[in-house]
Amino acid sequence: MHTPNLVEARKRTNNKVLIKTDDYKLNDNQKKLGKNKKYFIKTYGCQMNEHDSENISAILSDMGYAKTDILEEADLIILNTCAIRENAHNKVFGLLGRIKHLSYTKNIMVGFGGCMAQEEVIVDEIMKKYKWIDFVFGTHNIVNLPNIIEKAYTNKKQEIEVFSCEGDVIENIPVKRDSKYKAWVNIMYGCDKFCTYCIVPYTRGKQRSRLPKYIIKEVEDLIKNGYQEVTLLGQNVNAYGKDLDIDYNMANLLEDVAKTKINRVRFVTSHPWDFDDNMIDIISKYDNIMPYIHLPLQSGSNKILKLMGRRYTKEKYLNLFDKLKEKIPNVSITTDIIVGFPNETEEDFKDTLDVVDKCKYDGAFTFIFSPRIGTPASKMQDDVSLDIKENRLQKLNELVNKYSKENNDKYLNKIVPVLLEDYSSKKKDYLKGYTDTMKLVNVKADSKYLGKIVNVKITSVKTWSMDGEIVN
Ligand code: SAH
Ligand code: SF4
Ligand code: F3S
């Protein structure tokens with residue numbers, strides 16, 4: 001049994017990161033454990049988790065399990081959880097209630113993984129109050145799932161395997177991708193920024209970049225398999241390579257990925273701190289690097305930014321923002337903003353609104369600060385009432401939505417490229433996809449256009465999406 005420990009997780013050892021290419025192995029018993037059985041997986045949180053679930057799915061499929069989207073049909077239920085805010089926790093515990101109910105009527109195995117599994121308080125609670133959960137696995141333990149599941153079947157007691165400290169980069173984990181046209185490609189794991197409010201550096205461990213050759217090989221294989229788009233993934237992609245022994249950074253990687261000639265290259269998330277001019281030049285130089293950047297602001301107040309440990313000022317952020325707008329034609333920029341951080345005054349909040357007024361973002365994810373146990377911000381005295389926080393969030397959302405709609409309005413009657421990736425969930429006879437600038441468009445189109453990048457004329461515009469039709 002390995003249980004998580006946040007103090008351990010905070011440590012950044014100097015141990016050299018090993019690149020492992022033969023860690024994933026199945027024995028004969030594990031290859032048939034899932035025979036005639038179905039698995040259901042529920043994923044919470046960010047793209048990192050979405051992609052981890054694609055790895056988990058592939059491992060389960062190697063073990064003989066078939067996938068189901070219906071909870072009640074499953075023999076094995078996996079929760080891939082997120083710890084970023086309290087409401088993420090609540091959703092998970094809600095689903096656990098449903099699953100417990102189901103377990104009265106049916107023999108099921110339940111596995112609990114993801115970022116919540118890296119939190120001591122949560123695993124303690126699972127050990128005390130959720131004894132019926134069969135196994136718990138951390139974000140560094142996915143490759144070992146076949147062993148964990150095998151043990152859970154044979155030992156009949158709760159299996160817990162959560163390493164507090166990460167170590168290595170595992171290169172041979174299989175993947176079963178959700179889309180046939182666009183793919184997540186991890187370029188790095190973990191985060192060393194330690195923003196004072198954030199749990200990610202604890203749940204995902206230290207920054208470990210993948211070697212460029214493995215990333216390029218993955219992209220080349222995707223092209224061979226007909227993929228149109230890759231999104232390079234990391235908590236902090238601009239810091240890519242800083243932990244490698246070679247002289248190679250995010251600008252180099254972006255250029256090499258662009259040179260594979262894949263139709264679309266995207267990347268998330270960009271921390272303003274490491275965004276250098278080389279990167280901007282590369283983005284504007286290559287047509288297949290999409291003109292879309294997610295550039296989290298978090299707050300517009302220098303006092304709050306400092307308390308958050310973000311290491312940039314409002315002025316530096318605006319400077320970078322203007323440079324991006326100037327050098328990358330047609331770029332669209334979205335952001336993340338937290339309101340109600342401890343000690344945020346009305347003045348501080350106005351500074352945030354001021355930045356939003358200046359940047360007129362294409363979109364923004366907005367959050368009320370949620371204290372995470374073990375992080376420095378959770379120990380800061382918080383004198384802002386929930387009422388005020390909710391009020392600020394509402395004001396901020398109104399402003400954000402206004403600019404989002406204004407930006408979208410500019411697309412009316414324009415012709416834009418859209419990668420049609422799926423059937424529209426809202427409209428019959430429509431497909432959906434994203435523009436180069438990451439706008440969601442519902443397009444009246446035959447299913448033969450699935451997986452194609454087409455020119456679309458925008459016929460109507462809303463705050464969150466647009467409608468359009470194909471033009472030649
Ligand atoms: N690596 C990315 C962010 C990942 S988390 C970056 O540095 O920008 C996604 C977003 O969740 C963050 O940008 C932040 O706005 C929000 N967030 C993170 N921790 C939070 C907390 N404790 N309370 C509220 N929002 C939080
Ligand atoms: Fe969290 Fe900051 Fe790292 Fe983003 S950069 S994951 S907000 S610690
Ligand atoms: Fe959540 Fe973990 Fe991602 S905390 S946002 S799933 S890295």
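Residues numbered from 1 in each chain as written. Chains lettered and ligands numbered in written order. Predicted model: local features only at pLDDT ≥ 70, side-chain atom pairs only at ≥ 80, totals over all residues. Heavy atoms only, no water.

S.K.: Tell me about the side chain of R177, and please be specific about residues and values.
M.R.: In this fold, R177 is placed in the loop between strand 8 (169–170) and strand 9 (182–186). Among the polar contacts made by the side chain of R177, one reaches the side chain of E218 at a distance of 2.7 Å. The contact partners of R177, leaving out residues within four places of it in the chain, are H51, E54, A183, W184, E218, L222 and Y227. (Helix = DSSP H or I, 4+ residues; strand = E, 2+ residues; numbered from the N terminus. Polar contact = N/O pair within 3.5 Å; in protein donor to acceptor, adjacent residues only side chain to side chain. Contact = heavy atoms within 4.5 Å.)

S.K.: Tell me about the sheet that holds strand 19 (residues 440–444), and name the residues and values.
M.R.: An order of 17-18-19-21-20 is seen for the five strands of this closed barrel, with the pairing classed as mixed. Looking at each pair of strands side by side, their axes are set apart by 50 degrees on average, direction ignored. (Pairing = 2+ DSSP bridges. Axes fitted to C-alpha atoms, helices over the stretch in contact; angles between N-to-C directions.)

S.K.: Describe the sheet that holds strand 6 (residues 135–137), listing the residues and the values that go with them.
M.R.: Backbone hydrogen bonds hold the strands of a sheet together, and the pairing may be parallel or antiparallel. As summarised here, the arrangement of the six strands in space is 3-2-4-5-6-7, forming an open sheet in which the pairing is parallel. One side of each edge strand has no neighbouring strand; the edge strands of this open sheet are strand 3 (66–67) and strand 7 (159–161). Pairing geometry for strand 5 (residues 109–114) and strand 6, over three bridges, is parallel. Within the sheet, the bridge partner assigned to G113 lies in strand 6 and is F137. Each of strand 2 (38–43), strand 4 (76–81) and strand 5 touches helix 4 (residues 86–105); the most contacted strand, strand 4, lies at about 170 degrees to it.

S.K.: So, the pairing of strand 20 (residues 453–461): which residues are in play, and what are the values?
M.R.: The sheet contact formed by strand 17 (residues 415–423) and strand 20 spans five bridges and is antiparallel. Its bridge partner lying in strand 20, P417 is registered against N455. Examined bridge by bridge, strand 20 and strand 21 (residues 466–470) share five bridges and lie antiparallel to one another. Paired with K457 across the two strands is E469, which belongs to strand 21. Following strand 20, the chain reverses through four residues before pairing antiparallel with strand 21.

S.K.: Let's hear about unusual backbone geometry: which residues, and what values?
M.R.: Keep in mind that most residues, glycine aside, have a negative phi and that most peptide bonds are trans. Backbone torsion omega between V268 and T269 reads -5 degrees, so that peptide bond is classified as cis. When you line up the elements, T269 lands in the loop between strand 13 (264–268) and helix 10 (277–285). Not every positive phi belongs to a glycine, and K360 is a case in point at roughly 45 degrees. Looking at K360, the relative accessible area reads 41%, which means it is partly exposed. (Buried < 20%, exposed > 50% of the residue type's maximum accessible area, 1.4 Å probe, protein only.)

S.K.: Hey, could you go over the layout of surface pockets for me, with residue numbers and the actual values?
M.R.: Approximately 860 Å³ is the volume found for the second largest pocket. As for the second largest pocket, its lining consists of 38 residues, of which N55, I170, E171, I173 and Y189 are closest to the centre. Sorting the residues of the lining of the second largest pocket by element identifies helix 3 (47–62), strand 8, strand 10 (188–189) and helix 8 (212–224) as the ones contributing at least two each. For the lining of the second largest pocket, the leading source of residues is helix 8, giving five residues. Looking at the lining of the second largest pocket, its residues break down into 13 nonpolar, 11 polar and 14 charged. (1 Å grid on protein atoms, 1.4 Å probe; cavity = no way out; pocket = protein on both sides within 12 Å on 5 of 7 lines; lining within 4 Å. Points joined across faces, edges and corners; volume = space filled by probe spheres on them. Nonpolar A, V, L, I, M, F, W, Y, C, P; charged D, E, K, R; others polar.)

S.K.: With reference to specific residues and values, describe the pairing of strand 21.
M.R.: Strand direction decides the pairing type here: strand 19 and strand 21, joined by four bridges, are parallel. Pairing of N442 across the sheet is with D467, part of strand 21.

S.K.: Tell me about helix 9 (residues 250–259), and please be specific about residues and values.
M.R.: Burial of helix 9 is extensive: seven of the 10 residues sit out of reach of the surface. Considered for burial, the residues of helix 9 that qualify are M250, A251, L253, L254, E255, V257 and A258. Elements in contact with the buried residues of helix 9: helix 8, strand 12 (229–233), strand 13 and helix 10. A side-chain oxygen of the first residue of helix 9 lies 3.1 Å from the backbone nitrogen of A251; this N-cap is N249. Positioned one or two residues after helix 9, K261 has a phi angle of 75 degrees, which is positive.

S.K.: Describe the packing of aromatic side chains, naming the residues involved and giving the relevant values.
M.R.: In the structure shown here, the tally under the stated rule is nine aromatic pairs. Taking 5.5 Å as the distance between ring centres and 40 degrees as the angle between the ring planes, the aromatic pair formed by F93 and Y130 counts as tilted. Here F93 is found in helix 4, whereas its partner Y130 is found in the loop between helix 5 (120–129) and strand 6, with 37 residues between them in sequence. Look at F93 and you get buried, because its relative accessible area is 19%. Judged by centre distance (5.7 Å) and plane angle (85 degrees), the rings of F321 and Y361 are edge-to-face. Pair noted here: F321 is in helix 12 (residues 314–327) and Y361 is in the loop between helix 13 (346–359) and strand 16 (363–368), with a separation of 40 residues, a long-range link. (Phe/Tyr/Trp six-rings, centres within 6.5 Å; stacked < 30°, edge-to-face > 60°.)

S.K.: Describe the side chain of T269, and please don't skip the residues or the numbers.
M.R.: You can call T269 buried: its relative accessible area is 19%. For T269, the residues in contact, after removing those within four places along its chain, are G234, Q235, N236, V237, N238, H294 and P296.

S.K.: Tell me about the nonpolar core, residues and numbers included.
M.R.: Generally speaking, nonpolar side chains in soluble globular proteins are found buried as a group. One finds L232, M250, L253, L254 and F267 to be the most contacted residues of the largest nonpolar core, which totals 59 residues. The leading source of residues in this core is helix 9, at six residues. If sequence neighbours within four positions are ignored, L254 has contacts with L232, V265, F267, M279, I282, I283 and I289. The next biggest cluster of nonpolar side chains, apart from the first, holds 30 residues, and it includes F40, A88, L102 and V162. (Core = buried A, V, L, I, M, F, W, Y, C linked by side-chain atoms within 4.5 Å.)

None of this, on its own, says anything about what the molecule does.
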